[in-house]
Amino acid sequence: MSETPENQTKPRRRWLLPTAASLFVIVAACAGGAWLGWQRYVGPGPLTADTPVVIPRGTGVQGIAQRLVDAGVVGHPLELVIASRLRGDGARLRAGEYLFPAGISVKDALDLIISGKVIVHRVTVPEGLTSWQIVERLRNEQALSGDVTDIPADGTLLPETYQYLRDDARADILSRMSDDMEKALDRLWADRDPNLPLKSKQEAVILASIVEKETGVASERPRVAGVFVNRLRIGMRLQSDPTIIYALSDRRGQIDRDLTRADWKLESPYNTYVVPGLPPGPIANPGLLSLQAVLKPETHKYLYFVADGTGGHAFAETLEEHNRNVVKWRRVRDGD
């Protein structure tokens, strides 16, 4: 029998075996590479602490990738670029300021940027600030943009906590505060008590600003408002120290010293020790509680009040009673 067929098959087997092995190595390498790529895509990233990153408008995928590398969110820009191209969502990436959690994966980083869940900033404006003080507070908010050239009139801004996004304009925040004040005042004025000695919404804001500056105790505001309403009804001067401070501070709302008896004689339309009735304008931006207190004041016969040493005030119907309360307050103040 001839050996030719057997001899012919041996070389063929030697050629097939290395080919199959090579294919196995290639497949294994591809599988390993795919597995490694998947792990780099869904596994924890290098970020060690929660970090905010700003992505400006018009930034492309490569620019975003480099920003995330610079911030330590991803290890190499190609990780995010390749992942974004494979997903086909490069056009869906949105500008903004994002907070990337520690250890965030490439997948989750892309999902976050696509979601548009940007960082929301907040600025709290306390009741009783002048508009000048509010503008200064907004100027200190580094995430806001633009300057304020014209300071709004006092009494036109509603103190509240306002949310904003990075690079929102300071002027826009002031516009929102103005709109909120107008809406709140319209609502409260429509529901005011009848027969108040207030002729307009502006007069209500003026008196509310005085109440705001006279007491920081929320529960006292309707009672304090009632005192001033009683005085207005009988033509008695309001004699409010904060009105003098407003005049002395060039309408900025604070001075670095105590008032003196000479200050009570200050020639100013805002000095309610000298000028009868309301001053010509608000001395601060009152909050909702003070506006409510003025438009629905407590009904009583008090005409006087003075600090009682506990943060609140002692109220009196007569000057004699008030003078006794003043003596008590001075003892508390002086530590007697």
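Rules behind the numbers
- Counting of residues starts from 1 at the beginning of each chain's written sequence and follows it residue by residue.
- Given that the model is predicted, a residue must reach a pLDDT of at least 70 before its local features are reported, and side-chain atom pairs must reach 80 or more before they are shown or counted; all residues, however, enter totals for whole chains, interfaces and linings.
- Excluding hydrogens and water, the side-chain figures rest on all heavy atoms present in the structure.
- Nonpolar cores were defined as sets of buried Ala, Val, Leu, Ile, Met, Phe, Trp, Tyr and Cys residues, with membership established by side-chain atoms within 4.5 Å.
- Here's how the labels work: a residue is buried when its accessible area is under 20% of the maximum for its type, exposed when over 50%, partly exposed in between, all with a 1.4 Å probe on protein chains only.
- Put simply, DSSP marks the helices as runs of H or I at least four residues long and the strands as runs of E at least two long, and each gets a number from the N terminus on.
- Contact criterion: two residues are considered in contact whenever any of their non-hydrogen atoms come within 4.5 Å of each other.
- Pairing of aromatic side chains requires ring centres within 6.5 Å, counting the rings of Phe and Tyr and the six-membered ring of Trp. Pairs whose planes differ by under 30 degrees are stacked, by over 60 edge-to-face, and all others tilted.
- For a lysine, the NZ atom is tested; for an arginine, the CZ atom; a charge sits over a ring if that atom is within 6 Å of the ring centre and within 35 degrees of the ring normal.
- What pLDDT reports is the predictor's confidence in each residue, on a scale of 0 through 100.

**Observations concerning the nonpolar core**
Next up, step 1: Residues Leu174, Met177, Leu198, Leu207, Phe228 and Val294 are the most contacted members of the largest nonpolar core, which totals 47 residues.
Next up, step 2: Going through the elements one at a time, helix 5 (131-139), strand 4 (161-164), helix 6 (170-190), helix 7 (201-214), helix 8 (221-234) and helix 10 (288-295) are the ones with two or more residues in this core.
Next up, step 3: Of the residues forming this core, the biggest block, eight residues, is contributed by helix 6.
Next up, step 4: When residues no more than four places from it in sequence are discounted, the contact partners of Val294 are Leu196, Leu198, Ala204, Leu207, Ala208, Val211 and Ala225.

**A closer look at the packing of aromatic side chains**
Next up, step 1: Overall, the coordinates contain six aromatic pairs when judged by the stated rule.
Next up, step 2: For the pair Tyr98 and Phe100, a centre-to-centre distance of 6.4 Å together with 55° between the ring planes defines the contact as tilted. Phe100 shares its class with Tyr98; the two are buried.
Next up, step 3: Here the aromatic rings of Trp264 and Tyr273 are separated by 5.3 Å at their centres, their planes lie at 10°, and the arrangement is stacked.
Next up, step 4: Residue classification places Trp264 among the partly exposed residues on the basis of a relative accessible area of 31%.
Next up, step 5: Ring-pair connections join several aromatic residues into one group, and the members of that group are Phe228, Tyr302, Phe305 and Phe315.
Next up, step 6: Above the plane of the ring of Trp189 lies Arg192, whose end atom (NZ or CZ) is 3.9 Å from the centre.
Next up, step 7: Note that Arg223 overlies the ring of Phe315, its terminal NZ or CZ placed 5.5 Å from the centroid.

**What about the confidence of the model for the protein chain?**
Segments scoring low in pLDDT should not have their predicted coordinates read at a detailed level.
Next up, step 1: Here the protein chain averages 89 in pLDDT, while 89% of its residues score no lower than 70.
Next up, step 2: Below pLDDT 50 for its whole length, residues 13-17 participates in zero contacts with residues either more than four positions away or in separate chains.
Next up, step 3: Low pLDDT, under 50, characterises residues 20-29; the stretch is placed with zero contacts to residues that sit more than four places away or in other chains.

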